[in-house]
There are 2 protein chains.
Amino acid sequence: MPQLPSLSADDLRSYHAQIRQRYDAFAKRGVKLNLTRGKPSSAQLDLCNQLLSLPGNGDFMAGNIDCRNYGELAGLPELRSLLATVFGVTADRVIVGENASLSLMHDSVAFSMLKGNCDSERPWSKESRIAFLCPVPGYDRHFSICQEFGIEMIAVPLNEGGPDMDVVEKLVAGDAQIKGIWCVPKYSNPTGTVYSNETIERLAKMKTAARDFRLFWDNAYAVHHLTAERIEIANIDEACARNGNPNRAFIFGSTSKVTFAGAGVGVFASSKGNVSWYLKRIEKRTIGGDKVNQLRHLRLLKNADGVATLMDKHRAIMAPKFDKVLETFGEHLGSTGVASWTKPKGGYFITLDVMDGCAKQVVKLAKEAGVELTPAGATHPLGNDPHDRTIRIAPSFPDLAEVAQAAEGVVLSVLLAATEKLLAKG
Amino acid sequence: MPQLPSLSADDLRSYHAQIRQRYDAFAKRGVKLNLTRGKPSSAQLDLCNQLLSLPGNGDFMAGNIDCRNYGELAGLPELRSLLATVFGVTADRVIVGENASLSLMHDSVAFSMLKGNCDSERPWSKESRIAFLCPVPGYDRHFSICQEFGIEMIAVPLNEGGPDMDVVEKLVAGDAQIKGIWCVPKYSNPTGTVYSNETIERLAKMKTAARDFRLFWDNAYAVHHLTAERIEIANIDEACARNGNPNRAFIFGSTSKVTFAGAGVGVFASSKGNVSWYLKRIEKRTIGGDKVNQLRHLRLLKNADGVATLMDKHRAIMAPKFDKVLETFGEHLGSTGVASWTKPKGGYFITLDVMDGCAKQVVKLAKEAGVELTPAGATHPLGNDPHDRTIRIAPSFPDLAEVAQAAEGVVLSVLLAATEKLLAKG
């Protein structure tokens, strides 16, 4: 496995020919593999098949609440309690609703645009300009929400322990139109980054020119460990309150990757002021969420231990797939000098950085060889990765044998794109 | 049962004393009855208890779609087909999502505010003023959405066959800021009004100064008959298309009062252009609705016949309650000259009109006697019934014996308020 950028032109040509041959042979197999999205596999979904017949005949009361009827805007109290322990907030400040958290994030932004949040002087739509900080690489669906509402996205580097706080602090202190930052604080999408205690403290404490600035704290992978080390991060709600910024964090989470991806429950958790603001908004759009599904979740999960036990089973299915990708990358790309990648301890993604200017070509080559990847650029605002280098790898959905094949296809595409690029540079 | 306004002062005083005595006796019973909201009763919810264990173990595929996983933004094709027949639109123009239609109505307005609809020149929030026509009496949750977004509400009279079309046509032709009208075309909330074919044709055909004007067509009670006569109204989608206004109607519906009030499915149906616009909006907020719940509904309802059979069972529970209220009103208020009421052939409500200036007092007296009613004024924009005369009666939730008692309490409150008013007038 040669260091490609140091090869002589002749050696590079012959290495390229050899990779070309291997790539063509792979393409001929005619595989059809998909690593595009963070979808749970069938095996993972099977873990919760009990939900298909829960809560069960005659079981519809939660305390004195008939789950079949209207009401309970904030969700079933027992489920709010259970999820409060997962998200580090008291139960009275947890709202359970919808079937996933993306809707809650979208609506938090939409409501702010239409009405302002509880610290705003006016609706954001009445401001000349609204901007959000976007740590990159990041999650494309966060960026789509900003794009939908004409919110300017300012990319900030995502470092080892979270967003580059020197950059963040300077920006938010100097620009009152910056109203938010997207954060996936644990096992970040797509890098697997875990925010350090220092980063979390600085986010909670920093001075913001906008009084109504918010952390959009998407704790999507709170319990989604890939190793025996169950990493815990600092409690953002507590840190914000302690630093005199109690309303700063909107915390989001869901059971989408705990139970059923399409039929889970979403969580909004925040300060008293934010929760009261949010409830006032959603009482215009709903009489209450699907409490039968909430009861179903309560009966299945029971308590925080139930969640942890279930997540161990997810890990047993997921970890070998991640290991297989990392092993394949290590073996074939390890010392080539044309790729680097993250080694996440949780979450759903690996970030693969290829040679500058090669990501789009790698995705194209992989697709032509039967391996579909997330479009290059998706990890950046407006799909624009200025270095054309970052690729998100999502190994959760295919089975292990397919993941092994797909990783091989990716490796060959990376090597082919790199050698072509180096040859063209001449 | 005397004609109260024609009584002599002496007769009125003695009649008042007698009513006062009966009212006090009723209040002493210490009942606690609630006629405030259109909630199904437990007996109705029991009709669908199968949903509590559906779709059942191992049943999660709809065709080649794994209902447990992400995807299918517009909902399960089979359920879209089933509901298309109920709402008179082709299946490709039906979107199924959320657990009720209120959310879809809210979002249609919110999306229009933020982005404009597919015929708008700009987002409605960028207009100096937005107004909606509100046939009165109407549904308070419609009005709350307008209030939330600062939309001016212009009350228009609701007559026997629907909104007063002379008034409506004149208003929408002359004011380009009027962007919508709230319509509950069948068994209207709260009057039970059924829109005539002529009204529907005129709504579809009328010239509107606003190109992006929309009918917010809340067909909440499409299959919710109270008599053997299953009234069918004209097809609004077809009428709009035929009159060259294909995008005019946003059609809403749900299974909230077919299956479980809190755990049903909502429907948005419209033209190709509107559906495409709506999908572009919701793809920012969701990866898809709860397809397991959609599958559950498919397994329970099966087809349009399944819906009709189920609705007959609802009717068997609901109709006696309505009959009891109407019988009690007829017996005690019939020839008093101080009240009139609607005799709905479907839906969830009876509208009771009392003497001008008495509705608030009736609601207050009823409450003090243990019978909670929807607040007076709720049937009008901003809670302001200029005549203080209209009361919404919702007899669905209590059981039949309770409904009988509650109707008695209402009757006594109406008579007490009327005699007091007449005495005060002297």
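Residues numbered from 1 in each chain as written. Chains lettered and ligands numbered in written order. Predicted model: local features only at pLDDT ≥ 70, side-chain atom pairs only at ≥ 80, totals over all residues. Heavy atoms only, no water.

**Re the overall build of chain A**
Of regular secondary structure, chain A possesses 13 helices and 15 strands. Expected size for 426 residues packed as a compact globule is a radius of gyration near 22 Å; at 23 Å, chain A falls within 12% of this value. Considering chain A as a whole, with its 426 residues, one finds that 62% of them fall into the buried category. Just so you have it, chain A exposes about 15400 Å², and 50% of that area is on carbon and sulfur atoms. Of the charged side chains in chain A, 50 are positive and 47 negative; the average position of the first set lies 3 Å away from that of the second. (Helix = DSSP H or I, 4+ residues; strand = E, 2+ residues; numbered from the N terminus. Rg over C-alpha atoms; globule rule 2.2 N^0.38 Å. Buried < 20%, exposed > 50% of the residue type's maximum accessible area, 1.4 Å probe, protein only. Areas by Shrake-Rupley, 256 points an atom, 1.4 Å probe, with all protein chains shown as cover. Lys, Arg positive; Asp, Glu negative; His and termini not counted. Charge placed at Lys NZ, Arg CZ, Asp CG, Glu CD.)

**Describing the relation of the copies chain B and chain A**
Placing chain B over chain A gives an RMSD of 0.0 Å and needs a rotation angle of 180°, together with 0.0 Å of translation along the axis. Considering both components of the superposition, the chain copies are consistent with a two-fold axis. Across chain B, the rotation axis passes nearest the C-alpha of Ser53(B), at a separation of 2.0 Å. Looking at chain B, 100% of its interface residues are interface residues in chain A too, so the copies touch through the same face. (Least-squares fit on C-alpha atoms with pLDDT ≥ 70 in both. Contact = heavy atoms within 4.5 Å.)

**Looking at the domain arrangement of chain A**
All names here are of chain A. By domain assignment, chain A separates into domain 1 (4-44 + 308-425) and domain 2 (62-302). On a C-alpha basis, the centroid separation for the pair domain 1 and domain 2 is 31 Å. Of the residues lining the interface, 28 residues belong to domain 1; the matching set on domain 2 comes to 30 residues. Roughly 2500 Å² of surface becomes buried between domain 1 and domain 2 when both sides are summed, with 62% attributable to carbon and sulfur atoms. Ranking the residues of domain 1 by area buried against domain 2 places Met311, Lys345 and Pro381 at the top, with a combined share of 24%. Our count for the domain 1 to domain 2 interface comes out at three salt bridges. Residues Arg37 and Asp140 are paired through a salt bridge, measuring 2.9 Å at the closest nitrogen-oxygen approach. (Domains from an automatic or database assignment. Buried area = accessible area lost by both parts, 1.4 Å probe. Salt bridge = Lys/Arg side-chain N within 4 Å of Asp/Glu carboxyl O.)

**Details of the sheet that holds strand E6 (residues 152-159) of chain B**
All names here are of chain B. Strand order across the open sheet formed by eight strands is E4-E11-E10-E9-E8-E5-E6-E7, with mixed pairing between neighbours. Only two strands of the sheet have a single partner each, and these edge strands are strand E4 (94-97) and strand E7 (162-163). Strand direction decides the pairing type here: strand E8 (residues 178-183) and strand E9 (residues 214-218), joined by four bridges, are parallel. In the strand pairing of E9, Gly180 is matched with Arg214. Helix H6 (residues 165-174) rests against strand E5 (131-136), E6, E7 and E8 of the sheet, and its axis sits at about 150° to E6. In the packing of helix H7 (residues 197-205) onto the sheet, contacts are made with E7, E8 and E9, and the angle to E9 comes to roughly 145°. (Pairing = 2+ DSSP bridges. Axes fitted to C-alpha atoms, helices over the stretch in contact; angles between N-to-C directions.)

**Topic: the nonpolar core**
Core analysis: the largest hydrophobic core is formed by 120 residues, its most contacted members being Leu203(A), Leu215(A), Trp217(A), Leu203(B), Leu215(B) and Trp217(B). Sequence-distant contacts of Leu215(B), that is, excluding residues within four places in its chain, are made with Ile181(B), Leu203(B), Met206(B), Ile236(B), Cys240(B), Arg248(B), Ala249(B) and Phe250(B). Counting residues in each nonpolar core, the second largest holds 60 residues, with Tyr278(A), Met113(B), Trp182(B) and Phe216(B) among its members. (Core = buried A, V, L, I, M, F, W, Y, C linked by side-chain atoms within 4.5 Å.)

**Looking at the packing of helix H4 (residues 101-115) of chain B against helix H9 (residues 272-282) of chain B**
Residues and elements named next belong to chain B. For the pair H4 and H9, interaxial distance at closest approach is 11 Å and the crossing angle is 85°. The orientation of H4 relative to H9 falls into the category roughly perpendicular. Residues Leu104, Asp107, Ser108, Phe111, Ser112 and Lys115 of H4 pack against Trp277, Tyr278, Arg281 and Ile282 of H9. Per-class residue counts for the contact of H4 with H9 are five nonpolar, two polar and three charged. (Parallel < 35°, antiparallel > 145°, perpendicular 65-115°, else oblique. Nonpolar A, V, L, I, M, F, W, Y, C, P; charged D, E, K, R; others polar.)

**Overview of the interface of chain B and chain A**
The accessible area lost on association of the parts is a frequent measure of interface size. Opposite the 59 residues of chain B that make contact, chain A presents 59 residues. Summing the contributions of chain B and of chain A, the shared interface buries around 4700 Å²; its carbon and sulfur component is 51%. For the pair chain B and chain A, the number of links is twelve salt bridges. One salt bridge connects Arg281(B) with Glu148(A), and the closest N-O pair in it is separated by 2.4 Å. Elements represented by at least two residues in the side of chain B that touches chain A include exactly helix H2 (42-46), H4, helix H5 (140-148) and helix H10 (291-301) of chain B. Here the element with the most residues in the side of chain B that touches chain A is H4(B); it accounts for nine residues. Each residue belonging to the side of chain B that touches chain A can be placed in one class, and the counts come to 21 nonpolar, 19 polar and 19 charged.

**As for unusual backbone geometry**
The residue after Leu54(B), namely Pro55(B), is reached through a cis peptide bond having omega 0°. Mapped onto the elements, Pro55(B) comes out in the loop between H2 and strand E2 (61-62). Residue Pro137(B) follows Val136(B) across a cis peptide bond; omega there is 0°. Topologically, Pro137(B) is positioned in the loop between E5 and H5. Phi is positive for Asp388(A), close to 45°, though the residue is something other than glycine. As for its position among the elements, Asp388(A) is in the loop between strand E14 (371-373) and strand E15 (390-393).

**Structural notes on helix H3 (residues 77-87) of chain A**
Turn by turn, an α-helix covers 3.6 residues, leaving residues three or four places apart pointing in a common direction. Residue and element names in this part refer to chain A. For H3, every residue scored as buried is listed here: Leu79, Arg80, Leu82, Leu83, Ala84 and Phe87. Looking at the buried residues of H3, the elements they touch are strand E4 (94-97), strand E10 (249-254), strand E11 (266-269), helix H10 (291-301) and helix H11 (304-333). Two residues or fewer after H3 comes Gly88, characterised by a positive phi angle close to 70°.

**Some thoughts on the pattern of salt bridges**
The full count for this structure, using the stated rule, is 70 salt bridges over all chains. Two residues, Arg129(A) and Asp175(A), come together in a salt bridge whose shortest N-O distance is 2.8 Å. In this pair, Arg129(A) is assigned in the loop between helix H4 (101-115) and strand E5 (131-136) and Asp175(A) in the loop between helix H6 (165-174) and strand E8 (178-183), connecting sequence segments 46 residues apart. On the basis of relative accessibility, which here comes to 18%, the residue Asp175(A) falls in the buried class. Linked through salt bridges whose partners overlap, the residues forming this network are Glu98(A), Asp107(A), Arg285(A), Glu98(B), Asp107(B) and Arg285(B).

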